[in-house]
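A structural walkthrough
In case you want the letters, here they are:
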Amino acid sequence: MPTVSVKRDLLFQALGRTYTNEEFDELCFEFGLELDEITSEKEIISKEQGSVKAAGASDVVLYKIDVPANRYDLLCLEGLVRGLQVFKERIKPPVYKRVMPDGKIQKLIITEETAKIRPFAVAAVLRNIKFTKDRYDSFIELQEKLHQNICRKRALVAIGTHDLDTLSGPFTYTAKRPSDIKFKPLNKTKEYTACELMNIYKTDNHLKQYLHIIENKPLYPVISDSNGVVLSMPPIINGDHSRITVNTRNVFIECTGTDFTKAKIVLDIIVTMFSEYCEKQFTVEAAEVVFPNGKSYTFPELAYRKEIVRADLINKKVGIRETPENLAKLLTRMYLKSEVIGDGNQIEIEIPPTRADIIHACDIIEDAAIAYGYNNIQMTLPKTYTIANQFPLNKLTELLRHDMAAAGFTEVLTFALCSQEDIADKLGVDISATKAVHISNPKTAEFQVARTTLLPGLLKTIAANRKMPLPLKLFEISDIVIKDSNTDVGAKNYRHLCAVYYNKNPGFEIIHGLLDRIMQLLDVPPGEDKAGYVIRASEGPAFFPGRCAEIFAGGQSIGKLGVLHPDVITKFELTMPCSSLEINIEPFL
């Protein structure tokens with residue numbers, strides 16, 4: 001969940017009253033938020049860098065508030081205050097309007113060169129806005145929060161804000177070779193080419209995380225005005241020429257990206273949050289964007305849409321009994337203007353452009369539950385009931401675990417993922433014969449496939465504990481994964497039991513005795529009939545020739561036991577003989 005830091009006194013001033021810390025914590029809970037921490041800039045720096053660095057830092061009290069990840073409208077002080085005021089019914093939800101300019105509309109022209117890099121762009125103008133230091137800081141902070149959240153660290157969308165009075169439209173969004181782009185970036189004193197900037201920012205703690213988005217591309221995106229002045233090189237840095245300040249009166253906002261829908265949402269959020277400070281409150285000046293195919297669109301959309309939800313559905317899903325009128329009132333408190341229509345059981349909800357998180361009726365029902373108060377929902381016994389019971393496979397696993405421990409074996413838990421080498425090369429098997437499920441983008445060579453046998457994990461555990469007193473007797477009861485085209489996901493889990501005995505002598509008789517004990521516990525007698533079990537001489541690449549047996553129970557093969565081949569022992573960096581047993585326990589359910 002994103003965390004929003006706001007100055008307590010500034011927040012209370014905007015809310016029109018003060019709260020104790022406990023009262024505000026309760027208010028946040030009622031609204032579906034969480035007051036995470038009460039701190040100050042000085043306290044934060046002192047914790048992170050020490051008291052010496054904190055000297056001179058501000059003592060202003062900060063509230064750190066956890067906000068749901070999809071509530072983009074609550075990522076700044078303005079949206080937070082507006083949401084709480086509407087929730088407490090102190091104000092009505094404002095109506096956001098897109099207006100056409102008195103003169104010529106600002107135009108952003110997208111060229112076809114951007115198609116393979118960041119093909120989409122949207123734009124708008126905040127006209128006659130009045131910043132203060134706190135408002136300006138909030139404006140910058142909101143952009144950063146959006147970049148880290150919905151913009152996915154600028155990979156999907158990058159935001160650029162510019163002082164319109166320093167620029168001359170129309171604007172062009174194109175892509176050029178890095179050597180052909182040259183401008184003075186933010187907070188620099190001279191011009192650099194794009195290549196030089198990418199090298200400089202490799203050591204910049206803030207910007208280096210975004211370089212990978214375009215650094216290997218043959219062309220870099222760039223936005224410039226009619227005079228060739230560079231506004232920005234998205235998603236890396238804005239130009240210094242058009243930087244906004246506290247004194248900026250007209251702000252040109254452009255959002256470029258690879259996701260058109262998210263670019264429109266980001267633009268809507270920024271302009272709705274800060275149009276409050278425009279001379280004409282909650283109005284946003286339109287901008288025209290011309291795409292390479294010649295089609296032009298006007299942004300921001302600021303689209304309102306309506307949904308209809310039945311009151312009885314809300315009551316049923318939440319577990320309450322409220323009248324449609326009361327439910328409409330609850331939803332209106334959540335910034336969803338609602339009214340009862342039709343047969344008196346239908347509620348029409350108007351979804352504003354700030355609530356991009358409302359996608360389905362369940363989102364509306366969730367907001368109704370929040371407004372009603374989760375603590376106010378009475379606990380009731382469900383009309384239907386089931387008798388809880390342990391999953392049979394897990395119950396069998398638990399019973400076997402205890403008896404394996406009673407037999408003197410120590411349980412281990414190993415990773416479900418392993419390397420191809422572990423389940424194939426080291427066991428003398430070709431990887432194609434293992435039916436292993438491969439990870440498409442493994443982060444390390446140690447986690448390339450899902451394990452098809454528990455044996456490598458146990459052998460690696462022994463290798464890591466070779467200094468322990470002998471003998472080492474280990475076991476594990478866990479799932480292995482095998483490809484299976486007959487299942488809907490293309491793979492199937494099987495619960496296996498694997499045990500290993502490691503000592504100066506192979507200890508085959510100990511592993512054999514363990515198998516007999518397991519079968520005794522499972523009430524499977526020795527014998528050739530269908531109810532019994534038997535072991536038959538077999539061969540396997542992981543086992544010593546003549547020292548391997550296949551285990552049959554109920555007429556089907558369930559696993560193998562035997563003395564491991566010296567090559568296998570050597571490949572797992574072991575130095576002494578080792579016997580193992582591995583069976584599938586699912587047939588015994």
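Here the residue numbers are simple positions, counted from 1 along each chain's written sequence. In view of the model being predicted, local features appear only for residues whose pLDDT reaches at least 70, and side-chain atom pairs are presented and counted only at 80 or more, with totals across whole chains, interfaces and linings using the full set of residues. Each side-chain value is derived from all of the structure's non-hydrogen atoms; neither hydrogens nor water enter the calculation.

**What about the overall build of the chain?**
How we decide: Where helices and strands are cited, they refer to DSSP runs of H or I of at least four residues and of E of at least two residues respectively, numbered from the N terminus. The globule rule is 2.2 Å times the number of residues to the power 0.38, and the radius of gyration it is compared with is taken over C-alpha atoms. Think of it in three bands: with a 1.4 Å probe and only protein chains considered, a residue is buried below 20% of the maximum accessible area for its type, exposed above 50%, and partly exposed in between. We call two residues in contact when some of their heavy atoms are within 4.5 Å. Surface accessibility in these figures is a Shrake-Rupley result with a 1.4 Å probe; residues are shielded only by whichever protein chains are displayed. None of His or the chain ends enter the tally, which takes Lys and Arg as positive and Asp and Glu as negative. Taken as the charge location is NZ of Lys, CZ of Arg, CG of Asp or CD of Glu.
The number of helices and strands found in the chain is 16 helices and 28 strands. The C-alpha radius of gyration computed for the chain amounts to 33 Å, which surpasses the reference 25 Å derived for 589 residues by more than 25%, pointing to a less compact arrangement than a globule. Looking at the 589 residues of the chain, the share that counts as buried comes to 48%. Considering only contacts within the chain whose residues lie at least 6 apart along the sequence, 68% involve residues at least 24 apart. Carbon and sulfur atoms form 50% of the exposed surface of the chain, whose accessible area is close to 29700 Å². Side chains of the chain carry 72 positive and 76 negative charges; the gap between the two charge centres is 3 Å.

**What about the pattern of salt bridges?**
If the charged atoms of two oppositely charged side chains come close together, the side chains can form a pair. Rules: We define a salt bridge as a side-chain nitrogen of Lys or Arg found within 4 Å of a carboxyl oxygen belonging to Asp or Glu.
Taken as a whole and assessed by the stated rule, the structure comprises 28 salt bridges. Note that Glu301 and Lys264 form a salt bridge whose closest N and O atoms lie 3.3 Å from each other. Of the two residues, Glu301 is situated in the loop between strand E16 (296-299) and strand E17 (305-310) and Lys264 in helix H8 (residues 260-274); the sequence distance between them amounts to 37 residues. We classify Glu301 as partly exposed; its relative accessible area is 38%.

**Considerations on the side chain of Ser275**
As for its position among the elements, Ser275 is in the loop between H8 and strand E15 (283-290). With residues near it in sequence (within four places) discarded, Ser275 still touches Tyr96, Leu126, Lys280, Gln281, Phe282, Thr283 and Val284.

**Considerations on the sheet that holds strand E18 (residues 337-341)**
Selection rule: What makes two strands pair is DSSP finding at least two bridges between them. To get an axis, fit a line to the C-alpha atoms, keeping to the stretch in contact for a helix; angles then go from 0 to 180 degrees between the N-to-C directions.
The antiparallel open sheet is built from 3 strands, whose spatial order is E17-E19-E18. Each having just a single partner strand, E17 and E18 make up the two edges of the open sheet. Strand after strand, the sheet turns through a mean of 25° between neighbouring axes, direction not considered. Pairing geometry for E18 and strand E19 (residues 346-351), over 5 bridges, is antiparallel. Bridge assignment links Val340 to a residue of E19, and that residue is Ile347. The strands touched by helix H9 (residues 311-318) are E17 and E19; relative to E17, the strand with the most contacts, the crossing angle is about 70°.

**A look at the UniProt feature "domain: B5" (unreviewed entry) in the chain**
Definition in use: UniProt positions are given in the numbering used here, feature names are shortened, and annotations may be inferred rather than shown by experiment.
Here the UniProt feature "domain: B5" (unreviewed entry) sits at residues 302-379. When the span residues 302-379 is considered, its composition is 38% helix and 22% strand, and the gap between its end C-alpha atoms is 40 Å.

**A word on a negative patch on the surface**
Our working rule: Each patch groups residues whose relative accessible area exceeds 30% and which form no salt bridge, using 9 Å between like charges and 5 Å between nonpolar side chains of Val, Leu, Ile, Met, Phe, Trp and Tyr.
A contiguous patch of negative charge, built from Glu22, Asp25, Glu26, Glu30, Glu34 and Asp36, is present on the exposed surface. Looking at the negative patch, the elements that each hand over two or more residues are helix H2 (21-30) and strand E2 (34-40). A total of 4 residues in the negative patch trace back to one element, the largest contributor, which is H2. By secondary structure assignment, the location of Asp25 is in helix H2.

**Re the pairing of strand E3 (residues 61-66)**
Two faces make up the sheet, and in a regular strand the side chains alternate between them. Pairing of strand E1 (residues 3-7) with E3, which is carried by 5 bridges, proceeds in the antiparallel orientation. Within the sheet, the bridge partner assigned to Val4 lies in E3 and is Ile65. Here E2 runs beside E3; their pairing, made up of 6 bridges, is antiparallel. Considered in E3, the bridge of Thr39 is made with Leu62.

**Description of helix H1 (residues 8-15)**
A turn of α-helix holds 3.6 residues, and therefore any two residues three or four places apart point the same way. What counts here: Throughout, the arc means that of the directions going from the helix axis to the C-beta atoms.
Turning to H1, its buried residues are Leu11, Phe12 and Leu15. The buried residues of H1 occupy one face: seen down the axis, they fall within an arc of 95°. Looking at the packing, one finds that the buried side of H1 touches E1, H2, E3 and helix H5 (77-87). Once H1 finishes, Gly16 follows within two positions and takes phi at roughly 85°, a positive value.

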